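Given next are the chains, with one letter for each unit.
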Amino acid sequence: VDPIDVMYGGIVWLQNNYMDSKWLNGAREGANERVRTRDFNKELTKKQHYQWIMYPKLSFSHCVKYGDTIFLKNNYVKPRWLSGYRGGERGTLTRDLFSTSENPKKYEWIVKSAPGEGDLELQNIKQDIAHGKCVKNHSVIFLQNKYRSYAWLTGTRNSKNENVRTWNYYGNDHDNGMQKTYGWIVTKNTPE
């Protein structure tokens, strides 16, 4: 096992590739459901909200690999799992995956090295160029939701750069220079 591989069951941090210091965090506000991108260094007492644990859908290999379908569990006290394609704005929430009757595909994410083909029916035909390789520390990954085709995790949205959504990478954002908001720098280290 390479020490720079991202491992299943280990804590990771996900920084949005669009702006420095904007980290994915969950289990926020109200019923501990909100997901945001915020500056960890301004919320040092909320460390667990910024920590995520990756779990595989199928076989448990040692490292997270491109092409794997994963679940992302927030490390906050309550069991909160990242879910996408929520409501009319295709938002994201953290909820308890095992106490809901929702479609479990909303909680499933495909790990990619590039956005790739957005049609879920073509995933097995047009595989990620890095398919089967271990994700390395500080790599930029893309997370495509398995509930519907053309839905990727994107962050640093709205005027405060805090909203997190599941939107189409090839939609309107593709034309206005917002493609980097779909990339996530995965790190095994506490943000500095």
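Here the structure is a predicted model, which is why all the values come from computation and not from measurement.

Cut-offs applied
Residues numbered from 1 in each chain as written. Predicted model: local features only at pLDDT ≥ 70, side-chain atom pairs only at ≥ 80, totals over all residues. Heavy atoms only, no water. Helix = DSSP H or I, 4+ residues; strand = E, 2+ residues; numbered from the N terminus. Rg over C-alpha atoms; globule rule 2.2 N^0.38 Å. Buried < 20%, exposed > 50% of the residue type's maximum accessible area, 1.4 Å probe, protein only. Contact = heavy atoms within 4.5 Å. Areas by Shrake-Rupley, 256 points an atom, 1.4 Å probe, with all protein chains shown as cover. Lys, Arg positive; Asp, Glu negative; His and termini not counted. Charge placed at Lys NZ, Arg CZ, Asp CG, Glu CD. Core = buried A, V, L, I, M, F, W, Y, C linked by side-chain atoms within 4.5 Å. Salt bridge = Lys/Arg side-chain N within 4 Å of Asp/Glu carboxyl O. Disulfide = S-S within 2.5 Å.

Caption draft 1: View of the overall build of the chain. Of the regular secondary structure elements, the chain holds one helix and twelve strands. Tracing the chain from N to C terminus, the helices and strands come up as β-β-α-β-β-β-β-β-β-β-β-β-β. At 15 Å, the chain has a C-alpha radius of gyration in line with the 16 Å of a compact globule built from 192 residues. Counting the 192 residues in the chain, one finds 51% classified as buried. The long-range share in the chain, meaning contacts at least 24 apart out of those at least 6 apart in sequence, stands at 66%. Summing over all exposed atoms, the chain offers an accessible surface of approximately 9,200 Å²; the carbon and sulfur share of this is 48%. Taking the average location of the 29 positive side-chain charges in the chain and that of its 20 negative ones, the two points are 4 Å from each other.

Caption draft 2: Up close: the environment of Asp2. With respect to the secondary-structure elements, Asp2 resides in the segment before strand S1 (11–16). Judged by relative accessible area, which is 32%, Asp2 ranks as partly exposed.

Caption draft 3: Geometry of the nonpolar core. One finds Leu24, Met54 and Ile141 to be the most contacted residues of the largest nonpolar core, which totals 23 residues. Secondary-structure elements contributing two or more residues to this core are S1, strand S4 (52–56), strand S5 (69–74), strand S8 (109–112), strand S9 (139–145) and strand S12 (184–187). Ignoring sequence-local partners within four residues, the contact set of Leu24 consists of Leu14, Val35, Arg36, Thr37, His49, Tyr50, Trp52, Leu82, Leu153, Val164 and Trp184.

Caption draft 4: Structural view of the pattern of salt bridges. Applying the stated criterion across every chain yields a total of twelve salt bridges. Between Lys136 and Asp5 there is a salt bridge whose closest N-O contact spans 2.5 Å. With Lys136 in the loop between S8 and S9 and Asp5 in the segment before S1, this pair connects stretches of sequence that are 131 residues apart. Each of the salt bridges in this network shares a partner with another, and the network as a whole consists of Arg28, Glu29, Arg36, Arg38, Glu43 and Glu162.

Caption draft 5: Structural context of the state of the cysteines. Considering all chains together, one arrives at one disulfide under this definition. Put simply, Cys63 and Cys134 are joined by a disulfide, and their sulfur atoms are 1.9 Å apart. Its S-S torsion of about -55° marks the bond between Cys63 and Cys134 as left-handed, since a negative value means left-handed. Of this pair, Cys63 sits in the loop between S4 and S5 while Cys134 sits in the loop between S8 and S9, placing them 71 residues apart in sequence. We classify Cys63 as buried; its relative accessible area is 6%.

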